[in-house]
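The primary structure of each chain is shown beneath.
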Amino acid sequence: MVKNFILDTNVLIHDPQSIYSFEDNNVIIPLPVLEELDNLKRHSGGLGKFARDAIRELDNLRKLGKLSEGIKLKNGGTLKVISLKKSDHENIDFLYEKYIDNWILVYTLHVMKNSKNPTFLVSKDINLRVKADALGIPSQDYLTDRSDLETLNPGYFETSNVDMLDKSNLFPNSYIISRDKYFRYDGENLLEMKKHIQAWNVKPRNREQFFAMDALLNDDIKLVSLIGIAGTGKTFITLACALEKTVTEQKYEKIIVARPLVAMGGKDLGYLPGNIEEKMKPWMSPIYDNLEYLFKISNINMKEFMKKEIIDIEALTYIRGRSIPNQFIIIDEAQNLTPHEIKTILTRAGENTKVVLLGDPYQIDTPYLDKDSNGLVYAATKFLNSKLSAHVVLKKGERSLLASEAANLL
């Protein structure tokens, strides 16, 4: 039976192509959602970009017919933008009619009343889904790009007999521990690994770091995703391997380290005082802390080295839209990116570029994302069967005994 799906604004921001994700059902966009997109399109960074992308997609569909009457989509469903007259909602009492969310609820109630098809409100906003339930409105999260962190392959496992392994069940670039030996499955064969590995005077402190460093130093692996709580060393070992590959081996021309800037209090970066370096300093200090230690153990003057411009440390906003060849790109705090943002970044990677995604899915600062819907887990899940990628979950804290204990207890 055909269903009606009413889309909240945050769904279109999360995925501007979401209108095509509901098979042969009816996708309905309330007019207030377009009003909200119009307000958001002026924002800088990803928020404004994805609002503009959603508006542009709707504008392209206008060539196929009138949005007010319904347009047949390529997947067999229909898209319609609806507007209400005062008589359609004057008997519905809301405390704060100025709230867009409440108007979306009004529109959903109107569709439920006037359609025989089952109707669902789709929103990334948990509170709106709670309010919908209080009004008797069926609601759900946008599930198309959700993954399951709890079932995500950690990237390694143990076996007592490596000769008995069923290779058909292995993902490419999986790591295997068999008694006192380590192996990597390259997609066809099990390759025994040497126990010694080092990058920029840094050695792994545990087997998880060992596997991660192997993937980071492997030129055939173009995408590495490392998941781990604070203190597991994911940023530290990644920077060490990046320096080794770029400075020592000269495999890449430059290192780019970028982080998404999660705005403070909903404000853009521009409201902060100072130049761009001063604005970014609070966000980038963990990167500089790790670099300072790496240069210290290698007896290199960091200030002098940074003048060579081999390392670029910048906000993620400023690398969007660039085609980037011959770079070692590190995306820190990737759990704060949407799947669409991750796709935008990875599709810009040029020839001979390696991309590393780092983050902790349990520490998300971006509204409407959670441990299963963020771009880091999404990319790790989607690339599991690719020979170009490797994924490792880092579990053991190595920062200090106190840091490890705090991570476990708090």
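That block above? That's the structure.
Notes on the structure in this doc start here. Because the structure is predicted, anything quoted here is derived from the model rather than measured.

Rules used in this analysis
Residues numbered from 1 in each chain as written. Predicted model: local features only at pLDDT ≥ 70, side-chain atom pairs only at ≥ 80, totals over all residues. Heavy atoms only, no water. Buried < 20%, exposed > 50% of the residue type's maximum accessible area, 1.4 Å probe, protein only. Helix = DSSP H or I, 4+ residues; strand = E, 2+ residues; numbered from the N terminus. Contact = heavy atoms within 4.5 Å. Pairing = 2+ DSSP bridges. Axes fitted to C-alpha atoms, helices over the stretch in contact; angles between N-to-C directions. 1 Å grid on protein atoms, 1.4 Å probe; cavity = no way out; pocket = protein on both sides within 12 Å on 5 of 7 lines; lining within 4 Å. Points joined across faces, edges and corners; volume = space filled by probe spheres on them. Nonpolar A, V, L, I, M, F, W, Y, C, P; charged D, E, K, R; others polar. Parallel < 35°, antiparallel > 145°, perpendicular 65-115°, else oblique. Phe/Tyr/Trp six-rings, centres within 6.5 Å; stacked < 30°, edge-to-face > 60°. Lys NZ or Arg CZ within 6 Å of the ring centre and 35° of its normal. Salt bridge = Lys/Arg side-chain N within 4 Å of Asp/Glu carboxyl O. Left-handed = near helix turned anticlockwise from the far one by under 90°.

1. Section: helix α11 (residues 339-346)
Step number 1: Most of α11 sits inside the fold, with 6 of its 8 residues counted as buried.
Step number 2: Among the residues of α11, Pro339, His340, Glu341, Ile342, Thr344 and Ile345 are the ones counted as buried.
Step number 3: The secondary structure elements touched by the buried residues of α11 are α1 (9-14), α3 (45-61), β14 (327-331), β15 (354-359) and α12 (375-382).

2. A closer look at the sheet that holds strand β10 (residues 190-192)
Step number 1: Spatial ordering of the open sheet is given by β7-β8-β9-β10, a layout of 4 strands whose pairing is mixed. Strands at the two margins of the open sheet, each flanked by one partner only, are β7 (156-158) and β10. With direction set aside, neighbouring strand axes in the sheet form an average angle of 30°.
Step number 2: Strand direction decides the pairing type here: strand β8 (residues 174-178) and strand β9 (residues 181-185), joined by 5 bridges, are antiparallel.

3. A short note on empty space enclosed by the protein
Step number 1: For the structure shown, the criterion picks out 3 cavities of 30 Å³ or more.
Step number 2: One number sums up the size of the largest cavity: a volume of about 100 Å³.
Step number 3: With 3 residues, the single largest contributor to the lining of the largest cavity is strand β16 (residues 389-394).
Step number 4: Per-class residue counts for the lining of the largest cavity are 7 nonpolar, 7 polar and no charged.

4. Section: the packing of helix α2 (residues 31-40) against helix α5 (residues 100-114)
Step number 1: Between α2 and α5, the shortest axis-to-axis distance is 9 Å and the interhelical angle comes to 155°. The pairing of α2 with α5 is recorded here as roughly antiparallel in orientation. Listed contacts from α5 to Leu31, Pro32, Val33 and Glu36 of α2 are Ile100, Trp103, Ile104 and Tyr107.
Step number 2: Here the contact of α2 with α5 is built from residues that sort into 7 nonpolar, no polar and 1 charged.

5. A word on the packing of aromatic side chains
Step number 1: Within the structure shown, the criterion is met by 12 aromatic pairs.
Step number 2: Their ring planes at 35° and their centres at 5.8 Å tell us that Tyr156 and Phe211 sit as a pair that is tilted. Separated by 55 residues along the polypeptide, Tyr156 in strand β7 and Phe211 in helix α7 (residues 207-217) bring together distant segments of the chain. The same class applies to Tyr156 as to Phe211, namely buried.
Step number 3: Note on Phe210 and Phe211: the rings are 5.9 Å apart at their centroids and 75° apart in plane angle, and the pair reads as edge-to-face. Each member of the pair, Phe210 as well as Phe211, carries the same accessibility label: buried.
Step number 4: Among the aromatic side chains, those forming a connected cluster through ring pairs are Tyr156, Tyr175, Tyr182, Phe210 and Phe211.
Step number 5: The ring of Tyr20 has Lys74 sitting right over it, with the charged end atom 4.6 Å from the ring centre.

6. Section: the pattern of salt bridges
Step number 1: In this structure the tally under the stated criterion is 21 salt bridges.
Step number 2: For Lys124, the salt bridge is made with Asp141, and the minimal N-O distance between the two is 3.2 Å. Note that Lys124 is positioned in the loop between β5 (119-122) and α6 (126-134) and Asp141 in the loop between β6 (139-140) and β7, a separation of 17 residues in sequence. Note on accessibility: Lys124 and Asp141 belong to one class, buried.
Step number 3: Arg146 serves as the salt-bridge partner of Asp372, at 3.4 Å between the closest nitrogen and oxygen. One end of the pair, Asp372, is in the loop between β15 and α12; the other, Arg146, is in the loop between β6 and β7, with 226 residues separating them in the sequence.
Step number 4: The exposure class assigned to Arg146 is partly exposed, which follows from its relative accessible area of 27%.
Step number 5: Each of the salt bridges in this network shares a partner with another, and the network as a whole consists of Lys124, Arg129, Asp141, Arg146, Glu150, Asp370, Lys371 and Asp372.

7. Some details on the environment of Asp141
Step number 1: When its relative accessible area of 11% is taken as the criterion, Asp141 is described as buried.
Step number 2: Between the alpha carbons of Asp141 and Ile126 there is a distance of 8.0 Å; along the sequence they are 15 residues apart.
Step number 3: Residues contacting Asp141, with those up to four places away along its chain left out, are Val122, Ser123, Lys124, Arg129, Arg146 and Asp370.

8. Notes on the packing of α5 against α6
Step number 1: Between α5 and α6, the least distance of the axes is 11 Å, while the angle of their chain directions is 40°. Relative to α6, the element α5 is oriented oblique. Here α5 and α6 pass one another in a crossing that is right-handed. Note on element contacts: α6 touches α5 through Leu128, Lys131 and Ala132, opposite Asp101, Asn102 and Leu105.
Step number 2: Residue composition of the contact of α5 with α6, grouped by class: 3 nonpolar, 1 polar and 2 charged.

9. Some remarks on the environment of Leu369
Step number 1: Within the fold, Leu369 resides in the loop between β15 and α12.
Step number 2: For the pair formed by Leu369 and Thr338, sequence separation is 31 residues and the distance between their alpha carbons is 7.3 Å.

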